[in-house]
Amino acid sequence: MINNATPKIVPSTFTPATLGTYYNMPKVGVNGISDVGVKIDYYTDGTNEYIAAIDNGQYATTSFSSPGAFRIFKKISGNWTPIFEPNTQFNGNITSCHWHPSGNAIAVAHSQGTQSTYSGVRLYTRSGDSFTEVNLTYNASYSINDIQWSPDGTKLAVGSGGAAMNYYDIMEFNTSNWTYTQMTCPNLSTSQQIYGLSWSSNSSLLALRGNATPYFQILQISGSTVTQITSPTISYVPTDVRFSKNGNFLAIGSSTTGSFLKVYSVSGTTFTEITGLTQPSASVTSLDFNDDDSKLFVSSSNQYNIYIYTISGTTFTQTYQTDLTQRAGARVTYIMYKNNSLFC
């Protein structure tokens, strides 16, 4: 997202001279869009468009005229209109939300899961524009940092900051009634928080981004079996990690000079580093690929830039960077590519 500014949606039909028309997005939170971990997720069924937005702060109220920490908006007559806000308070800061690939449910995570019934993750099912909370009875003793549905919609990965959860969990769902089984997962080699997750396009690999050596680990999921495999070795804390939409690449961002961006080609469980990348000029805050793996978008911490890498085979060419100072008014901290648009 964009610190201290209204977020924007940038259509992908940009030219080298401009990223295209900017569209204002809805605000959420006590002070509107803030600089403390605001995130969104987008879903469209081809006709209707929805945005789920969170503000990393305590849930406040159910009134649309007053601030709240989690809302769902629908695009109605060209305007983003709030249609849902939970009527029960979250226990702790809200940290992540992610639509199920079908659009029939959305998962929401909060950082201090100590309630006996709703601990760490809530699930809301969607029927049209109506949302119903599902009692997951998911018990987490430590903060939840990230949640991600697998692309096939069968599993929900949870990254946390506590050993009681083995730092991460994977829940296997029966989506006919939204019940789940907690999968048996291997222990990670070191004590650390898992801050970010990314699934491969075929749901067979899950990347974990941590804050302690080895910093980055990959799990292979086959049926109900989870195995830790050999992953690329990095010697610094990653700021973001993302598999490409078609599964051809894995990108890792960081704040380490000379290694702000690393990209690997992916073939099965083999990862080959792509050399010769033109590095961003400052720390990477977020990154994402477009739908056909022809572009990689990278946001930077110290400048108001979006770096765009054009991909041809395994060659990444930094073709354009745009100064968002005038339009965004602040530093870009989170980007997401969906529905032929770049959300930032």
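Residues numbered from 1 in each chain as written. Predicted model: local features only at pLDDT ≥ 70, side-chain atom pairs only at ≥ 80, totals over all residues. Heavy atoms only, no water.

This part covers unusual backbone geometry. The residue after Thr 213, namely Pro 214, is reached through a cis peptide bond having omega 10°. Here the phi dihedral of Trp 178 falls at roughly 60°; this positive angle occurs in a residue that is not glycine. Mapped onto the elements of the fold, Trp 178 is located in the loop between β13 (168-174) and β14 (179-182). Positive phi is not limited to glycine here, since Ser 203 has a value of about 65°. Here Ser 203 lies in the loop between β15 (194-199) and β16 (205-210). (Helix = DSSP H or I, 4+ residues; strand = E, 2+ residues; numbered from the N terminus.)

Turning our eyes to something else, we now look at the confidence of the model for the protein chain. Residues at a pLDDT of 70 or more form 74% of the protein chain, whose mean pLDDT is 79. In the model, residues 28-37 has pLDDT below 50 throughout and makes 32 contacts with residues more than four positions away in sequence or in other chains. Predicted confidence is poor over residues 58-68, with pLDDT under 50, and the contacts of this stretch with residues over four places away or in other chains come to 36 contacts. (pLDDT = per-residue confidence, 0-100. Contact = heavy atoms within 4.5 Å.)

Applying the stated criterion across every chain, the model contains 15 aromatic pairs. Note on Tyr 43 and Trp 99: the rings are 5.8 Å apart at their centroids and 35° apart in plane angle, and the pair reads as tilted. Of this pair, Tyr 43 sits in strand β3 (residues 39-44) while Trp 99 sits in strand β7 (residues 94-99); the two residues are 56 residues apart in sequence, bridging distant segments of the chain. Of the two residues, Tyr 43 and Trp 99, neither departs from the other in class, the shared state being buried. Site record: aromatic cluster; members linked through ring pairs are Tyr 43, Tyr 50, Phe 70, Phe 84, Trp 99, Tyr 124 and Phe 131. (Phe/Tyr/Trp six-rings, centres within 6.5 Å; stacked < 30°, edge-to-face > 60°. Buried < 20%, exposed > 50% of the residue type's maximum accessible area, 1.4 Å probe, protein only.)

The 4 strands are arranged β3-β4-β5-β6 in an open sheet whose pairing can be described as antiparallel. One side of each edge strand has no neighbouring strand; the edge strands of this open sheet are β3 and β6 (79-84). Averaged over all pairs of adjacent strands, the angle between their axes in this sheet comes to 30°, without regard to strand direction. Direction of pairing for strand β4 (residues 49-54) relative to strand β5 (residues 70-76): antiparallel, over a ladder of 5 bridges. Each bridged residue has a counterpart across the sheet, and for Tyr 50 the counterpart in β5 is Lys 74. (Pairing = 2+ DSSP bridges. Axes fitted to C-alpha atoms, helices over the stretch in contact; angles between N-to-C directions.)

Burial of β7 is extensive: 6 of the 6 residues sit out of reach of the surface. Of the pairings in the sheet, the one linking β7 to strand β8 (residues 105-110) comprises 5 bridges and is antiparallel in character. When the bridges of β8 are listed, Ser 96 appears paired with Ala 109. Turn length for the β7-β8 hairpin, with the two strands adjacent in sequence and antiparallel, is 5 residues, and the turn residue Gly 103 shows positive phi of about 80°.

In this structure the tally under the stated criterion is 10 salt bridges. Across the pair Glu 133 and Arg 122 runs a salt bridge, and its minimum N-O distance is 3.8 Å. Here Arg 122 lies in strand β9 (residues 121-127) and Glu 133 lies in strand β10 (residues 130-134), a separation of 11 residues in the sequence. A relative accessible area of 24% means that Glu 133 is categorised as partly exposed. Classification of Arg 122 as buried rests on a relative accessible area of 1%. Across the pair Arg 242 and Asp 288 runs a salt bridge whose closest N-O atoms are separated by 3.3 Å. In this pair, Arg 242 is assigned in strand β19 (residues 238-243) and Asp 288 in strand β23 (residues 284-289), connecting sequence segments 46 residues apart. (Salt bridge = Lys/Arg side-chain N within 4 Å of Asp/Glu carboxyl O.)

Looking now at the side chain of Thr 125. Looking at the secondary structure, you find Thr 125 in strand β9. Residues in contact with Thr 125, not counting those within four places in the same chain, are Asn 104, Ala 105, Ser 130, Phe 131, Thr 132, Val 134 and Trp 178.

As summarised here, the arrangement of the 4 strands in space is β7-β8-β9-β10, forming an open sheet in which the pairing is antiparallel. The open sheet has two edge strands, β7 and β10, and neither has a second partner. Within the sheet, the average angular offset between the axes of one strand and its neighbour, ignoring direction, is 25°.

Counting through the fold element by element, Gln 318 comes out in strand β26 (residues 315-323). One polar contact links the side chain of Gln 318 to the main-chain carbonyl oxygen of Thr 278, over a distance of 3.4 Å. Separated by 2.9 Å, the side chains of Gln 318 and Tyr 309 make a polar contact. (Polar contact = N/O pair within 3.5 Å; in protein donor to acceptor, adjacent residues only side chain to side chain.)

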